[in-house]
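# Summary of structural features
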Amino acid sequence: MKIQRPWALVVGVLLLIYSFYLLTQTQVPVGAYGAGQIVGHFVFPVAFLFLAFKPKRNKDK
């Protein structure tokens, strides 16, 4: 796997580090709301990491 978009990798890693920081420094509520917060913390970083490795489309077609 080759990195296609370095900027997306940098943003994804920074957001992932910030997500772990938020989980360790804040108190997450119990229940569905807390589970939604935990999932929400990791959706955006994973989306940027996916974008970083997703192959670019060929514009020659």
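Up top is the structure these notes are about.
Note that this is a predicted model, so its numbers are computed, not measured.

### Focus: helix 1 (residues 6-25)
The terminal C-alpha atoms of helix 1 lie 29 Å apart, and with 20 residues this matches the ideal 28 Å at 1.5 Å per residue to within 8%. Along helix 1, the residues that are buried comprise Ala8, Gly12, Ser19 and Leu22. Along the axis of helix 1, the buried positions cluster into a sector of 90 degrees, meaning they face one direction only. In helix 1, the exposed residues that point more than 90 degrees away from the buried face are Pro6, Leu14, Ile17, Thr24 and Gln25. Buried-residue contacts for helix 1 involve helix 2 (32-53).

### Quick look at the environment of Lys54
Positionally, Lys54 belongs in the segment after helix 2. Overall, Lys54 belongs to the partly exposed group, its relative accessible area being 40%. Distance in space between the C-alpha atoms of Lys54 and Arg5 is 8.3 Å, their sequence separation being 49 residues. Once residues within four sequence positions are removed from consideration, Lys54 is found in contact with Gln4 and Arg5.

### A short note on the side chain of Arg5
Among the secondary structure elements, Arg5 is positioned in the segment before helix 1. At 2.8 Å, the side chain of Arg5 and the backbone oxygen of Leu51 are in polar contact. A polar contact is formed between the side chain of Arg5 and the backbone oxygen of Lys54, at a distance of 2.8 Å. Excluding residues within four positions of it along the chain, Arg5 makes contact with Leu51, Ala52, Lys54, Pro55 and Lys56.

### Comments concerning the environment of Pro6
By the secondary structure assignment, Pro6 is in helix 1. On the accessibility criterion, Pro6 (53% relative accessible area) is exposed. Separated by 25 residues in sequence, Pro6 and Gly31 have C-alpha atoms that sit 37 Å apart.

What counts and what doesn't
Residues numbered from 1 in each chain as written. Predicted model: local features only at pLDDT ≥ 70, side-chain atom pairs only at ≥ 80, totals over all residues. Heavy atoms only, no water. Helix = DSSP H or I, 4+ residues; strand = E, 2+ residues; numbered from the N terminus. Expected span 1.5 Å × (residues − 1). Buried < 20%, exposed > 50% of the residue type's maximum accessible area, 1.4 Å probe, protein only. Arc of directions from axis to C-beta. Contact = heavy atoms within 4.5 Å. Polar contact = N/O pair within 3.5 Å; in protein donor to acceptor, adjacent residues only side chain to side chain.

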